[in-house]
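# Observations on chain architecture
Here are the chains, one letter per residue:
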Amino acid sequence: MEKKWRNELGRIVRFGITGSLSTLVHYGAYLLALLWMAPTAAYTVGYGVGLCVNYVMTTFFTFKKHPSKKNAAGFVVSHVINYLLEIGILNLFLFYGMEKRLAGILVLIVVVPINFLILRFVFVRKQ
C-alpha cells in the first residue's frame, strides 16, 4: 500500500512540475497575444500553445507512458472540457470587472485540481 501512495505522490509532484511549466508557456503566450487580440482569443492562443507542451510532458514525464491514439484522444477530450470550463470562468471573471491579467491567473488556479483528476483517469485506468 505504501508503494502505491508513493507512486501517486510522485505523479502529483510530476503533474505539478508539468502543469507549472505548461502554465507558464500558456500564460506567456496569453500575455503576448493580448498585445494584438481580445482576451478570449488571446486565451485560446495561449491554451493551444500550452496544450502542445502539456501533452508531451504529461505523457512522457507525469504518467510515464508512450503516446497512443487512445491517450491522445482522451487528452484532447479532457482538454476540450477543461478549455470550455476555463473560458467560461475567464468570461465570468471579466464580466464582474476583474482585471484581464489577474483573471487569467485565477482561472488557472481554479481548474488545476479538476484537470489532474481528469488526466489521471485518462492515463491511469484499471486494465
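Residues numbered from 1 in each chain as written. Predicted model: local features only at pLDDT ≥ 70, side-chain atom pairs only at ≥ 80, totals over all residues. Heavy atoms only, no water.

## A few points about the packing of aromatic side chains
Each aromatic ring pair is described using two quantities: the centre-to-centre distance and the angle formed by the ring planes. Applicable threshold: Stacked, tilted and edge-to-face are the three classes applied to pairs of Phe, Tyr and Trp rings, where Trp contributes its six-membered ring and a pair requires centres within 6.5 Å; stacked means planes under 30 degrees apart, edge-to-face means over 60, and tilted covers the rest. Here a helix means four or more residues in a row that DSSP labels H or I, a strand means two or more in a row labelled E, and each is numbered from the N terminus. For each residue, the accessible area found with a 1.4 Å probe, counting protein chains only, is set against the maximum for its type, and the residue is called buried under 20%, exposed over 50%, and partly exposed in between.
Under the criterion given, the structure shown has five aromatic pairs. An angle of 40° between the planes, with centres 5.8 Å apart, marks the rings of Tyr27 and Tyr30 as tilted. A residue pair is termed a helical-turn pair when its members lie 3 or 4 positions apart in one helix, as Tyr27 and Tyr30 do in helix H1 (residues 2-34) at three residues. There is no split in this pair, since Tyr27 and Tyr30 are both buried. Pairing Phe95 with Tyr96 gives two aromatic rings, centres 5.1 Å apart and planes at 85°, and the pair type is edge-to-face. Overall, Phe95 belongs to the exposed group, its relative accessible area being 66%. Using a relative accessible area of 64% as the deciding quantity, one classes Tyr96 as exposed. Three or more aromatic residues joined by ring pairs make a cluster, and in this case those are Tyr27, Tyr30 and Tyr43.

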